[in-house]
Amino acid sequence: MEDILSRFDTSLEGLDKNEVLKRQKEYGLNIIEERKPTPLINLFFSQFVDILIGLLLVAAVASYAIGDIIDAGVILLAVLLNVIMGFIQEYRSQKAVESLKSFIVKTAVVRRNNTVEKINSEELTIGDIIILEEGDKVPADLVLIEGNNLTCDESSLTGESEAVKKESGDNLYMDSNILSGNGIGVVKSIGMKTEIGEIAEVVQQTDEDTPLKVKVGNLGKTLSLIAIAVCIVIFILELFKGIPIVETFMTAVALAVAAIPEGLPAVLTLTLALGMSEMAKSNAIVRKLLSVETLGSCTIICSDKTGTLTENRMTVVDSYYTNEDKTFEIGKLCNNARINNGETIGDQTDGAILKFCQNHNSKLTRVDEIPLDSNRKMMTTIHSLNNENNIVFTKGAPEIILDKCKHIDNNGSIEIIDDIIKETILKKIDEMSANALRVIGFAYKIEDETEPEENLIFTGLLGLTDPPKKDAKKAVSDCIKAGIKVKMITGDHEKTACAIAKDLGILTTGRVITGNELEKLTTEEYLEIADDIQVYARVKPKQKMRIVEALKSSNNIVAMTGDGVNDAPALKKASIGVAMGDGCDVAKESADMILQNNDFATIVKAIEGGRKIYDNIKRFVKFQVSTNVGAILTIIGTSLLSLPLPFNPVQLLWLNIVMDGPPAQTLGIEGAEKDLMQHPPETGDILTRKTLTEILISGIVMAIGTIAMFSYQLSINAGEKKAMTIAFTLFVMYQLFNAYNRKANSQKRSTYLYLAIILSFVLQLLIIYLPQLQIIFRTTPIGLIDWMMILIISFTIIISEKLMNMVIK
């Protein structure tokens, strides 16, 4: 005790008033500090500070300026949707800190200047002496000086619901509940230096941009800059040709509207929102819109064992008795669980043992208890046997129980444990452990002068298992086939963890490491082996963040599961933080996704959904960009060949509507590819070198066909109006066939895409043949031969796609 007090320069009498004020000035108050929250109005308008959003606003103004009010409205709606989504996500991150602030205990009982008083917990300082009673919440991080059968619940911090026995010298953490006993502690840390405070520091850090946000941002900026440069060049070239400046300006602005991918955010938002809705039906609640796609890029899943990979339902499946009846009696009476209307209430292990032993008819009265704790790894109860004697029942870690026993009860015959008997029992313990069982040993004695847990009589072993969930093995197998590594992280014993990991197919040729071994490794040593580790056993929640950071440093997209407050930093740091549905609010607020059913298979389904969404994003991006490139190359080509422009401003805007309208929207909701989970995750840019090559070739095909057809019509004196109508219609047909090229190779029929293509085609017919629309679009009717030429030439986009698939791998 004196050693502990001297560490904090205090005494059992407590600090005096002057020392308290001095320390408060030095260490500050016991509060969870939070960064001043951004006012909501500022948070909302800060979402507009984005290059892509700025370009979309310019496109909206340009559309309005040339009379295209509908297009301007659609663009502004896309901007508003993206702004609202960004605002909601940043607002939620502020709420996580508010959840942590609720852990601050309002009052504390302290001894100062040898007087016990209740004070506001914010006034606590280092070295304060705290009086703890059953039912209290711990007001700061303490070191226990004295404890009288003190147990506490640290589940808000660790996620583990078992009572923890505390003895002198042990640490107590802010917000832990004192379940039983009483004690005296000295304050070691306050405010932001407590465990809760350090978690708050991490939770308040700015979220990293998701991979998709980075990719789409770069893509939008690149395309927009190219479009603006082309528009300037076209404006100058047309001006030198002597075309009136107003018409030249209108053409340049219309081309800008057609070339800038303002439909990208709208289609992206729709695709992600529909993905969120689908995942919610599968018990995966995605809290952040862009995280939907991040799931599809996931390369590593770090999963808890209990409750995620396993049922979290302990069951006795094996046994070894030297006295079965006595083992059943101990199992029933040395137990704090209870069964109420068929439902087991209490600790999982106790509940499983009670259910297994409940039919034993012993009804001895309990007179005392020594609770289970992590140091002794045993629980002992003392019962009244008769008026003169008591009987001691003990259960716990089998090796420790065996070491405490000098005798064995061989069906009523008490025998000394010799080396042969001990070896037999140890061999049985190893066999059970190797089969992924949690082994519990049982012993008893008639109370004597020795310590209750000494000189015991051994009666048997029970082997319990938390069985893997029905779909867990298949889900792990699906991940491996899809190129996703699965790593198990558990607080369980190494042997148990290994056995379950092998059974599920997680542990194959990789390494196993314990929390203690991880603690001893330097960062460099750990990084060298991090990729090979498949199972982490006896891991503390705070070590999860180190695991996440190490894996992410190797350019992995990491999903991490968690449920306790201590898991919040790891969930925040992970590429995809996955909180359990029954986890604490702080974990949920820090996570990107919440599993309502706590099931590993649900994570895999969410990843499958994320991959489908990522494929669909690539689908409509490829469609839009190839059409953008085609339009730009067509305009540049005709200008360089000194031909009139093949499209007027209104036609360019219609091309833009076709690009951003029904076909693009329906590409965002295509079904999953047949081989969706048969290839490694894609973590590179949306526009890979292969995709860019395909886009460029498609754009060139469209440009060459359109320019050639336009030039041919002019050469046979078809008239500029008819030549423009044919070129305009040809380019629309190119887009419709190009949309068909992008459809998924799915078992699901592309019904919506086909309907969108048909709708766009019908509208094009109306533009050509309806007199009122002919005036607006400056079109003229075209004949059957013209249509045949248009269909044959536009079909070349499908032929070129097939050839590219054969040549470009």
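Residues numbered from 1 in each chain as written. Predicted model: local features only at pLDDT ≥ 70, side-chain atom pairs only at ≥ 80, totals over all residues. Heavy atoms only, no water.

### Points about the overall build of the chain
Broken down by element type, the chain carries 31 helices and 25 strands. For the chain, the proportion of its 809 residues judged to be buried stands at 53%. In the structure as shown, the chain presents an accessible area of about 36,000 Å², 55% of it carried by carbon and sulfur atoms. (Helix = DSSP H or I, 4+ residues; strand = E, 2+ residues; numbered from the N terminus. Buried < 20%, exposed > 50% of the residue type's maximum accessible area, 1.4 Å probe, protein only. Areas by Shrake-Rupley, 256 points an atom, 1.4 Å probe, with all protein chains shown as cover.)

### Some details on the packing of aromatic side chains
This structure, assessed with the given rule, holds eight aromatic pairs. Through a chain of ring-to-ring contacts, three or more aromatic side chains come together here, namely Y321, F328 and F356. In this arrangement the basic side chain of K326 is found over the ring face of Y444, its NZ or CZ atom lying 4.7 Å from the centre. (Phe/Tyr/Trp six-rings, centres within 6.5 Å; stacked < 30°, edge-to-face > 60°. Lys NZ or Arg CZ within 6 Å of the ring centre and 35° of its normal.)

### Regarding the sheet that holds strand β20 (residues 485-489)
Strand order across the open sheet formed by eight strands is β8-β25-β24-β23-β9-β20-β22-β21, with mixed pairing between neighbours. At either margin of the open sheet sits one strand with a lone partner, and together these are β8 (284-286) and β21 (511-514). Within this sheet the neighbouring strands show an average axis-to-axis angle of 20°, counted without direction. When β21 meets strand β22 (residues 533-537), the two strands line up parallel, connected through four bridges. Each residue of the ladder has a partner; that of R511, found in β22, is I533. (Pairing = 2+ DSSP bridges. Axes fitted to C-alpha atoms, helices over the stretch in contact; angles between N-to-C directions.)

### Observations regarding the nonpolar core
Grouped together as the largest cluster of nonpolar side chains are 90 residues, with contacts concentrated most on I301, M488 and F600. A per-element tally of this core places helix α23 (residues 600-640) first, with 17 residues. With residues near it in sequence (within four places) discarded, I301 still touches C479, I484, K485, V486, K487, A559, F600, I603 and I607. F8, A140, I178 and V186 belong to the second largest nonpolar core, which has 26 residues in total. (Core = buried A, V, L, I, M, F, W, Y, C linked by side-chain atoms within 4.5 Å. Contact = heavy atoms within 4.5 Å.)

### Notes on the environment of E134
Tracing the chain through its elements places E134 in the loop between β3 (129-132) and β4 (141-153). E134 gets classed as exposed once you look at its relative accessible area, which sits at 55%. When neighbours within four sequence positions are excluded, E134 is seen to be in contact with I178, L179, S180 and G181.

### Some remarks on the side chain of T465
When you line up the elements, T465 lands in strand β19 (residues 456-465). Not counting residues within four places of it along the chain, the set of residues in contact with T465 comprises R313, M314, T315, V317, A436 and L437.

### Comments concerning the packing of helix α27 (residues 720-741) against helix α28 (residues 751-769)
In contact at an axis separation of 10 Å, α27 and α28 are set at 175° when each is read in the N-to-C sense. It follows from the interaxial angle that α27 and α28 lie roughly antiparallel. Here T725, F728, T729, V732, M733, L736, A739 and Y740 of α27 come into contact with α28, specifically with L753, Y754, I757, S760, F761, Q764, I767 and I768. Taken together, the residues of the contact of α27 with α28 break down into 12 nonpolar, four polar and no charged. (Parallel < 35°, antiparallel > 145°, perpendicular 65-115°, else oblique. Nonpolar A, V, L, I, M, F, W, Y, C, P; charged D, E, K, R; others polar.)

### Thoughts on the pairing of β3
Burial along β3 is two-sided: the face carrying I129 and I131 and the face carrying I130 and L132 are both buried. Of the strand pairs in this sheet, strand β1 (residues 107-112) and β3 are connected by two bridges, and their pairing is antiparallel. Note that in β3 the partner of R111 across the bridge is I129. Pairing analysis gives four bridges linking β3 to strand β7 (residues 177-189), with the strands arranged antiparallel. What sits directly across from L132, in β7, is G183.

### Looking at α28
Helix length check: α28, at 19 residues, gives a terminal C-alpha distance of 27 Å against a target of 27 Å (1.5 Å per residue), a fit within 8%. Of the positions making up α28, those classed as buried are L753, A756, I757, S760, Q764, I767 and I768. Buried residues of α28, viewed axially, fall in a sector of 110°; they line one side. Projecting away from the buried face of α28 at angles above 90 degrees are the exposed residues Y752, L755 and I758. (Expected span 1.5 Å × (residues − 1). Arc of directions from axis to C-beta.)

### What to know about the pattern of salt bridges
In the structure shown here, the tally under the stated rule is 21 salt bridges. Of the charged contacts, one joins D403 and K422 as a salt bridge, the two residues approaching to 3.5 Å between their closest N and O atoms. Of this pair, D403 sits in helix α14 (residues 398-403) while K422 sits in helix α15 (residues 419-434); the two residues are 19 residues apart in sequence, bridging distant segments of the chain. In this structure D403 comes out as exposed when scored by relative accessible area, which is 57%. Looking at K422, the relative accessible area reads 30%, which means it is partly exposed. Between E694 and K690 there is a salt bridge, with the nearest N and O atoms lying 2.7 Å from each other. One end of the pair is E694 and the other is K690, both in helix α26 (residues 689-715) and four residues apart, which spans about a single turn. (Salt bridge = Lys/Arg side-chain N within 4 Å of Asp/Glu carboxyl O.)

### Points about the state of the cysteines
According to the stated counting rule, one finds zero disulfides in the structure shown. Looking at the unpaired C298, the closest cysteine sulfur is the one in C479, lying at 7.6 Å. Residue classification places C298 among the buried positions, given a relative accessible area of 0%. (Disulfide = S-S within 2.5 Å.)

### Considering the environment of K469
Within the fold, K469 resides in the loop between β19 and α16 (472-481). Considering only alpha carbons, one finds K469 and E311, 158 residues apart in sequence, at a separation of 5.3 Å. When near neighbours in sequence (up to four residues on either side) are disregarded, K469 contacts G307, T308, L309, T310, E311, N597, N598 and D599.

### Things to note about a nonpolar patch on the surface
A surface patch of nonpolar side chains, about 710 Å² in accessible area, is lined by Y752, L755, I758, L759, V762, L763, L766 and L770. For L759, the location among the structural elements is in helix α28. (Patch = residues over 30% accessible without salt bridge, like charges linked within 9 Å, V, L, I, M, F, W, Y side chains within 5 Å.)

### A few points about unusual backbone geometry
One non-glycine residue, N114, adopts positive backbone phi at about 65°. Looking at the secondary structure, you find N114 in the loop between β1 and β2 (115-120). Overall, N114 belongs to the exposed group, its relative accessible area being 52%. Backbone geometry at S642 places phi at a positive 60°, although glycine is not the residue there.

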